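For reference, the chains in residue letters:
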Amino acid sequence: MFNFKHEWIETNIGLLLVLTMLAISIGGLVEIAPLFFIKDTVEKVAGVRPYTPLELRGRDIYQREGCYLCHSQMIRPFRDEALRYGHYSLAAESQYDHPFQWGSKRTGPDLARVGKKYSNEWHVAHLISPRSMVPESVMPNFPWLERNELNISDISERMEALRKVGVPYSLTKSEYQANVKQFGAATAEMLSIPDARKNLIAQAESGNYDGDRSKITEMDALVAYLQVLGTMVDFSKYDDDAFVKYR
Ligand code: HEC
């Protein structure tokens with residue numbers, strides 16, 4: 001009986017088409033429907049904020065140089081990972097990352113919590129020549145980062161593009177005020193698109209990440225980015241969490 005029906009469907013092109021599309025759309029729904037509830041799945045966590053303009057340019061350089069090919073940014077909730085890297089990554093910590101940098105390969109260590117682990121000087125020396133700091137390293141040299149002046153001409157456009165996909169960089173006064181409410185005045189100021197260039201220059205000059213005040217380089221931006229990774233959430237506030245004890 002069943003065989004008969006199967007043959008009937010397969011020899012009836014119109015019916016086969018309709019049933020095929022039905023099967024595909026069920027598969028599609030199962031994949032797509034959860035995305036409508038993504039806002040409820042990602043819990044808000046205090047401290048998480050979008051990147052400042054300088055950090056954002058650093059992130060662009062991180063992607064341009066392909067750092068993600070060797071480094072993940074996702075600490076999994078296993079004891080060995082927590083012992084090595086710190087608290088496991090939270091969904092909220094990559095909520096403003098487009099695209100996220102979780103990565104899929106660890107030729108080098110995970111970088112999700114590398115912020116404040118080393119000094120700026122260490123990062124600069126390590127990026128110019130990794131083997132000067134870690135003799136057995138297989139990481140490539142990136143000496144041009146220190147030489148290349150940072151292109152900041154399109155920083156507003158870059159922030160506007162991210163704003164379009166939901167990152168709360170502010171263009172209007174009301175968006176700015178919403179940011180003051182959510183992130184506090186100092187952070188809201190950093191997220192303002194009209195002030196982006198001014199803020200970028202101010203952060204690079206006061207932070208002096210590459211140790212050379214004469215110009216703003218790609219190294220300034222990349223080190224500013226590395227130093228903020230994993231530092232936004234204050235995990236010492238959640239000391240009842242078993243994983244924190246091992247940090
Ligand atoms: C070919 C693979 C490879 C690439 C590409 C690569 N790295 Fe690495 N990285 C490593 C390895 C291996 C180590 C561990 C040895 C060391 O510290 O140099 C490492 C270590 C590091 C560390 C120290 C981490 C820690 O916790 O000790 C940082 C920071 C880092 N890399 C940043 C970067 C950045 C930024 C880029 C892109 C500009 C990059 N890496 C590109 C392989 C790579």
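Residues numbered from 1 in each chain as written. Predicted model: local features only at pLDDT ≥ 70, side-chain atom pairs only at ≥ 80, totals over all residues. Heavy atoms only, no water.

S.K.: Before we move on, can you summarise the nonpolar core with the specific residues and values?
M.R.: Tyr51, Leu54, Leu127, Leu150, Tyr169 and Leu222 are the most contacted members of the largest nonpolar core, which has 44 residues in total. Among the secondary structure elements, those contributing two or more residues to this core are helix H4 (53-64), helix H6 (120-128), helix H9 (155-164), helix H12 (196-207) and helix H13 (218-228). Residue contributions to this core peak at eight residues, all from H13. Once residues within four sequence positions are removed from consideration, Leu150 is found in contact with Leu54, Arg57, Ile61, Leu200, Ile216, Thr217, Glu218 and Ala221. (Core = buried A, V, L, I, M, F, W, Y, C linked by side-chain atoms within 4.5 Å. Buried < 20%, exposed > 50% of the residue type's maximum accessible area, 1.4 Å probe, protein only. Helix = DSSP H or I, 4+ residues; strand = E, 2+ residues; numbered from the N terminus. Contact = heavy atoms within 4.5 Å.)

S.K.: Account for the environment of Asp234, with residues named and values stated.
M.R.: One can find Asp234 in the segment after H13. Exposure remark for Asp234: the relative accessible area of 36% places this residue in the partly exposed category. On a C-alpha basis, the gap between Asp234 and Ala46 in space is 8.2 Å, while along the polypeptide they are 188 residues apart.

S.K.: Go over the coordination of the iron atom of the ligand, please, and point to the residues and values.
M.R.: In the first shell of the iron atom of the ligand, the protein supplies His71 (NE2) and Met139 (SD), at 2.0 to 2.1 Å from the metal. If you look at the iron atom of the ligand, its six donor atoms make angles of 88 to 178° with each other, and the shape they trace is octahedral. Residue His71 is found in the loop between H4 and helix H5 (79-85), and its partner Met139 is found in the loop between helix H7 (130-133) and helix H8 (144-147); the two are separated by 68 residues along the sequence. The exposure class assigned to His71 is buried, which follows from its relative accessible area of 10%. (Donors = N, O, S within 2.8 Å, 3.2 Å for Na, K, Ca; no water. Tetrahedral: all angles 85-135°; square planar, octahedral: opposite > 155°, others 65-115°.)

S.K.: A description of the pattern of salt bridges should follow, citing residues and the corresponding values.
M.R.: Tallying each qualifying case throughout the model produces 14 salt bridges. Note that Arg59 is salt-bridged to Asp97, the shortest N-O span being 3.2 Å. With Arg59 in helix H4 and Asp97 in the loop between H5 and H6, this residue pair connects regions lying 38 residues apart in the sequence. In terms of burial, Arg59 and Asp97 fall into one category: buried. Where Asp154 meets Arg158, a salt bridge forms, and the shortest distance between an N and an O atom there is 3.1 Å. For Arg158, a relative accessible area of 29% translates into the label partly exposed. (Salt bridge = Lys/Arg side-chain N within 4 Å of Asp/Glu carboxyl O.)

S.K.: So what about the UniProt feature "transmembrane region" (unreviewed entry) in the chain? Which residues, and what values?
M.R.: Within this structure's numbering, the places UniProt gives as "transmembrane region" (unreviewed entry) are residues 12-37. Between the first and last C-alpha atoms of residues 12-37 the distance is 39 Å; the span itself is 77% helix and 0% strand. (UniProt positions renumbered as here; feature names shortened; annotations may be inferred.)

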